[in-house]
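Chain by chain, the residues:
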Amino acid sequence: MSSWRSLLLRIGDKCPEYGTSSDFKEHIETCFGVLRRELEHSTNDILPFLLQCAEQLPHKIPLYGTVVGLLNLENEDFVRKILENTQTNFQDALDSENCDRIRILMRFLTAMMCSKVLQPASLVVVFETLLSSAATTVDEEKGNPSWQARGDFYVTCILSCLPWGGLEFVEQVPEEIERVMVGIEAYLSIRRHNSDTGLSFFEEYDDESGKDASEKDFLEDLWDRIQVLSSNGWKVDSVPRPHLPFEAQLVAGKSHEFGPINAPDQPEPLSQLAGVLYGKQKHHAELKYCQRIHRLNIFPASKTEDMEPIDRFIMEEYLLDVLLFLNGCRKECASCMVGLPVPFRYEYLMAETIFSQLLLLPQPPFKPIYYTLVIMDLCKALPGAFPAVVAGAVRALFEKIADLDMECRTRLILWFSHHLSNFQFIWPWEEWAYVLDLPKWAPQRVFVQEVLEREVRLSYWDKVKQSIENAPALEELLPPKGGPNFKYSLEEGKERTEQHALSAELIIKVKGRQTAREIISWVEESVFPHHGLEAALTVVVQTLIDIGSKSFTHLITVLERYGQVIARICHDQDKQIMLIAEVSSYWKNNAQMTAITIDRMMGYRLISNLAILRWVFSPANTEQFHISDHPWEVLRNAISKTYNRISDLRKEILTLKKSVVSAEDAAAKAKAELDAAESKLTLVDGEPVLGENPAKMKPIKSNAEKTKEEEISVRDSLEAKEALLARALDENEALFLSLYKNFSNVLMERLPDASKAQTLGALKSIQADEMIVDLDESSEMEVDNENGRPKKSQSNGEKASNVYKVGDKEQWCLSTLGYVKAFSRQYASEIWPHIEKLDAEVFSENAHPLFVKAVYSGLRRPVIETSSS
Amino acid sequence: MASLFKDPSKLSAYRDRRFSGTQEEFERALQTSTTVYIGNMSFYTTEEQVYELFSRAGEIKKIIMGLDKNTKTPCGFCFVLYYSREDTEDAVKYISGTILDDRPIRVDFDWGFQEGRQWGRGRSGGQVRDEYRTDYDPDILSLGGYGKLVQRELEQRQLVDYGTGSLGSFPPVMTPYYGRHGGSHGHGGYHRHGRDYHRKRHRDDDRHTNDSSRRTLDHESRRNSDPDSRPEKNPRFRESGDSDEDEEEYDRKRRS
């Protein structure tokens with residue numbers, strides 16, 4: 001890497017490139033000095049690299065802005081090109097709806113305005129363009145308010161520039177910027193308050209109290225922070241102002257104009273401001289212009305109180321951008337995260353921000369495992385500070401786990417178990433030993449149990465057992481030791497039945513390498529007629545699973561070799577459910593193998609997703625809904641596999657469509673060549689004849705034929721794939737229809753009458769209310785009966801607050817409703833296309849209002865529609 | 001995304017001498033591969049542990065354990081095959097250098113598993129790295145103080161013996177697919193190429209649910225017609241000459 005590159009890249013860092021200095025002014029001078037010399041030869045390299053640095057290291061934008069300002073004194077033309085490039089990129093980003101790029105380029109423009117490169121009035125024009133587009137969008141008559149997400153995004157971008165250049169705007173163009181502020185205030189008064197309870201980390205139980213309306217949404221909150229900033233004279237600690245020491249020089253530079261930009265076209269107005277179409281468009285717009293952060297408050301405010309309100313926003317911007325742009329560069333990412341250019345400590349804020357991403361709904365920008373890695377790396381980079389902060393976050397989230405969204409709980413369990421597996425499984429489990437005194441459905445107890453289960457999967461039973469030695473009683477929550485439960489094992493003293501003999505016979509056949517066909521004949525001729533279908537199914541399934549029980553690969557091998565034997569016996573949904581039941585009985589001590597086996601069987605099409613769904617909603621599993629993740633894991637796998645199949649098909653279709661276009665081009669070209677050749681007059685034996693001479697004609701003709709054939713063949717495969725997709729989508733509709741019907745039914749059986757429980761809060765307090773009536777019998781007594789263990793009397797007083805007051809049935813309802821919401825949210829884009837059918841068949845007046853509410857909240861569907869549907 | 005800092009470890013620094021193509025083809029294979037190589041594993045680590053960890057990067061198609069030629073037990077490395085390239089990249093980005101079973105594992109792109117590669121190439125039958133082991137990655141070891149961690153032989157665990165059991169020699173069924181599509185043509189792309197191959201296990205199986213019997217019948221007959229694919233093929237009797245001499249090629253020491 002030549003030196004100017006590394007200087008640009010490393011500017012502002014403590015690094016060898018800049019020697020011992022950590023002074024921004026010196027960095028800028030050094031960098032500028034080298035760039036100035038190189039500019040003559042390397043303009044074409046410097047320009048794109050500088051822009052790339054500014055876009056991908058946005059926390060350094062003030063430094064880059066100042067460097068550009070200094071270059072402007074040397075080479076106006078170079079800087080004009082920078083602005084032209086930026087304008088093109090910015091317009092592209094607006095047109096392609098690239099939110100990160102829009103936001104960051106606006107900050108870069110602001111920084112260039114600060115260093116006198118850009119006229120402030122030009123930037124105000126950009127603001128006004130976006131603001132007017134936003135205002136039109138939310139206008140009910142001219143615009144389309146379902147697209148409010150876009151308007152909100154534009155306004156957020158404008159406000160986001162102010163911490164970087166507010167002071168300069170007020171000094172240089174006070175009236176214009178005031179006009180923008182008034183415009184924003186007007187926008188805020190027309191737009192709808194964004195009450196996105198479907199995406200909040202914690203369940204709101206008192207939803208009728210009007211708390212939601214008083215809570216600020218993201219944009220309102222940002223506006224407040226900017227107001228405070230403005231009243232503080234635009235002073236911000238977290239934004240460096242490296243241009244100030246150079247101001248005297250910078251004013252001499254030419255202040256360029258910025259060409260006009262165009263906001264993208266407005267979406268078509270809607271005839272109705274409610275209804276399915278509105279909901280669908282709103283969903284679409286919110287996918288495109290999604291809010292990149294939902295604030296997660298884990299720690300008491302005292303941990304972050306030395307910051308101004310705006311600092312929090314700026315720190316989040318920095319951290320999220322580092323996470324975004326340095327994804328995949330572990331060392332750079334960790335060192336940027338810990339070395340941001342701010343004068344205060346921010347470990348708590350950093351932890352909250354990372355957890356807010358790990359738990360972000362509907363999904364984080366990257367897979368959760370990325371944030372797991374970042375947290376590990378930060379624990380290593382700041383060994384004295386960060387591990388304790390992480391532990392504090394875990395404790396705080398654990399305290400509130402009963403209110404945490406179901407999807408977030410699952411992610412937290414996966415993260416925490418993985419995190420601990422990287423730190424020798426060390427955790428003060430004794431702090432949580434009290435969960436054993438809670439009923440088995442208490443969310444804290446379930447959390448501990450699931451974390452331990454995942455730890456065992458990542459490691460092994462004895463290891464995890466050892467890791468809880470400071471709270472040995474927790475062993476009760478460890479999963480069973482995981483071995484198989486083979487019906488026909490040849491243990492001493494165990495009765496040998498006819499079926500044992502059949503199983504032994506089958507093992508010999510497999511050992512003797514009989515083919516699947518031979519075994520099918522054996523089953524059909526010898527087993528089925530004499531012993532009946534159920535016995536045949538049990539023997540074959542148990543025995544084959546046992547043969548494949550040694551490892552994942554053994555399982556795959558046996559399914560590939562003998563899957564058709566199973567397929568022959570389990571040919572309809574009822575048999576498939578019996579098959580799943582056998583799998584679950586064989587692996588009753590090993591949830592992971594149960595889930596994997598079912599998943600692979602679905603992969604080999606031995607069982608359908610609908611069969612899995614029916615099995616998950618069978619009574620034995622339904623009872624587990626609030627005390628175990630096992631049925632949910634199987635359900636999640638089945639839906640995600642279905643979804644993966646569909647997205648693979650979509651990708652293939654996209655590729656094929658491109659191939660069709662290029663095949664068409666090739667065919668058309670070959671045809672044109674042929675036509676030209678055919679229409680050409682050639683002299684044959686002195687006579688003019690229509691057509692090229694035969695020797696030349698032949699390859700042209702065959703080429704035309706060949707390309708045409710290729711075109712047809714690509715078209716055929718496209719058609720075939722499209723037909724498959726159409727069928728997959730039908731299957732998807734059936735899947736979601738069945739999923740919701742099942743949810744609706746099991747909930748209907750258990751939810752109290754709608755008149756008694758109109759809100760989750762009411763549902764939650766049913767049991768508590770009953771307990772108050774029943775003062776004498778303390779809830780602890782019930783807990784102990786439940787566990788069948790003697791009560792430890794000495795812990796009475798201090799742990800009284802930990803008693804979980806929600807009853808068995810109520811918790812079942814709360815958990816299940818939580819999963820309804822989580823599934824709806826995760827697959828919202830797949831569910832919306834089938835909404836009419838679902839409305840007609842499931843979400844009708846007969847459905848329980850709490851169920852419908854959970855679905856709507858997950859789909860982020862405006863609730864007004866209930867009456868219209 | 002992060003194009004400013006090219007991560008040098010992103011494409012593997014080593015070159016498998018068993019790869020028959022040119023360097024360019026090798027790089028292309030790595031860039032399109034959906035297979036990762038995992039090294040520095042504990043011998044006790046099971047496929048299920050690997051599954052639990054690596055499925056957090058995406059849906060897993062297959063796991064192939066590296067086995068000691070003589071004992072038929074795991075010898076510290078494995079391959080994981082994904083369905084999608086994106087998931088493969090994420091596994092390399094997010095799992096390499098983290099801990100599995102108390103050991104910092106190394107995850108690299110791999111040009112694609114081929115039959116035979118599951119056998120350790122060291123003279124004694126195990127993984128080469130194991131015999132020449134130096135500390136895995138001093139960077140990582142120093143960061144977290146893992147150096148101090150002595151792996152306690154808590155392990156009443158048993159090594160998985162892949163050599164015995166009703167299925168006979170191991171692993172019998174995957175042989176043909178790699179041999180056919182991996183070795184000779186189109187390195188790297190083969191994971192999704194071979195139509196027959198993915199009809200069997202590609203998650204977007206083209207066929208309808210009820211067709212599963214036809215699927216497997218088809219599978220069976222095709223396999224029987226393929227002479228290379230006899231499940232009976234016993235790795236103990238694999239042709240000699242493809243193992244012991246190439247000890248170094250699996251040594252994935254970083255170029256430093």
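Every value quoted in this text rests on a predicted model; they were computed, and no experiment measured them.

Engineer: I keep staring at the packing of aromatic side chains and nothing clicks. Help me out?
Structural biologist: Centre-to-centre distance and the angle between the planes together describe a pair of aromatic rings. Residue and element names in this part refer to chain A. Applying the stated criterion across every chain, the model contains 40 aromatic pairs over all chains. Note on F153 and Y289: the rings are 5.6 Å apart at their centroids and 45 degrees apart in plane angle, and the pair reads as tilted. Residue F153 is found in helix α7 (residues 148–172), and its partner Y289 is found in the loop between α12 (276–288) and α13 (309–325); the two are separated by 136 residues along the sequence. The same class applies to F153 as to Y289, namely buried. Residues W415 and F416 carry aromatic rings whose centres are separated by 5.6 Å and whose planes lie at 35 degrees to one another, so their mutual orientation is tilted. Under the relative-accessibility criterion, W415 is labelled buried at 1%.

Engineer: Would you mind going over the domain arrangement of chain A with me for this structure?
Structural biologist: The extent of an interface is frequently quoted as the accessible surface area lost upon association of the parts. Residue and element names in this part refer to chain A. Split into domains, chain A comes out as domain 1 (4–205 + 238–262), domain 2 (304–475) and domain 3 (498–641). Computed over C-alpha atoms only, the centres of domain 2 and domain 3 are separated by 37 Å. Each side of the interface is counted separately: domain 2 has 9 residues, and domain 3 has 9 residues. Of the roughly 770 Å² buried between domain 2 and domain 3, counting both surfaces, carbon and sulfur atoms make up 45%. At the boundary of domain 2 with domain 3, the tally comes to 3 salt bridges. Across the salt bridge formed by E633 and R454, the nearest N and O atoms sit 3.6 Å from each other. Taken together, the connections running from domain 2 to domain 3 amount to 4 residue pairs in polar contact (both at pLDDT 80 or more). Per element, the largest residue contribution to the side of domain 2 that touches domain 3 is 6 residues, and it comes from helix α19 (residues 443–458). When the residues that make up the side of domain 2 that touches domain 3 are grouped by side-chain class, the tally is 2 nonpolar, 2 polar and 5 charged.

Engineer: What am I meant to see in the pairing of strand β1 (residues 35–39) of chain B here?
Structural biologist: A regular strand places its side chains so that they alternate between the two faces of the sheet. Residue and element names in this part refer to chain B. Within β1, 5 of the 5 residues are buried, which leaves it mostly tucked inside the rest of the structure. The alternating pattern of β1 places T35, Y37 and G39 and V36 and I38 on opposite faces, both of which are buried. Sheet analysis places β1 next to strand β3 (residues 74–82), joined by 4 bridges and oriented antiparallel. Looking across to β3, one finds that V36 is bridged to V80.

Engineer: Got a minute to help me understand the side chain of A:H419 in this structure?
Structural biologist: Tracing the chain through its elements places A:H419 in helix α18 (residues 406–422). With near-sequence residues (within four places) excluded, A:H419 lies in contact with A:T372, A:I375, A:M376, A:C379 and A:V390.

Engineer: In this structure, what is going on with unusual backbone geometry? I would like to understand it.
Structural biologist: Peptide bonds are mostly trans, and most non-glycine residues show a negative phi. Residues and elements named next belong to chain A. Residue P362 is bonded to the preceding L361 through a cis peptide linkage, with omega at 0 degrees. Relative to the helices and strands, P362 is located in the loop between α15 (347–358) and α16 (368–381). In this structure, E97 takes a positive phi of about 55 degrees despite not being glycine. Among the structural elements, E97 can be located in the loop between α4 (76–95) and α5 (99–114). Residue E97 is classed as buried on the basis of its relative accessible area of 18%.

Engineer: I keep staring at the nonpolar core and nothing clicks. Help me out?
Structural biologist: In summary, soluble globular proteins display a tendency toward joint burial of nonpolar side chains. A:F355, A:W429, A:F851 and B:F54 are the most contacted members of the largest nonpolar core, which totals 305 residues. Residue contributions to this core peak at 14 residues, all from helix α22 (residues 516–547) of chain A. Contact partners of A:W429, with chain neighbours within four places excluded, come to A:F416, A:L420, A:V448, A:V451, A:L452, A:E455, A:S467, A:I468, A:N470, A:A471 and A:L474. Membership of the second largest hydrophobic core comes to 11 residues, among which are A:I646, A:L656, A:A663 and A:V714.

Analysis parameters
Residues numbered from 1 in each chain as written. Chains lettered and ligands numbered in written order. Predicted model: local features only at pLDDT ≥ 70, side-chain atom pairs only at ≥ 80, totals over all residues. Heavy atoms only, no water. Phe/Tyr/Trp six-rings, centres within 6.5 Å; stacked < 30°, edge-to-face > 60°. Helix = DSSP H or I, 4+ residues; strand = E, 2+ residues; numbered from the N terminus. Buried < 20%, exposed > 50% of the residue type's maximum accessible area, 1.4 Å probe, protein only. Domains from an automatic or database assignment. Contact = heavy atoms within 4.5 Å. Buried area = accessible area lost by both parts, 1.4 Å probe. Salt bridge = Lys/Arg side-chain N within 4 Å of Asp/Glu carboxyl O. Polar contact = N/O pair within 3.5 Å; in protein donor to acceptor, adjacent residues only side chain to side chain. Nonpolar A, V, L, I, M, F, W, Y, C, P; charged D, E, K, R; others polar. Pairing = 2+ DSSP bridges. Core = buried A, V, L, I, M, F, W, Y, C linked by side-chain atoms within 4.5 Å.

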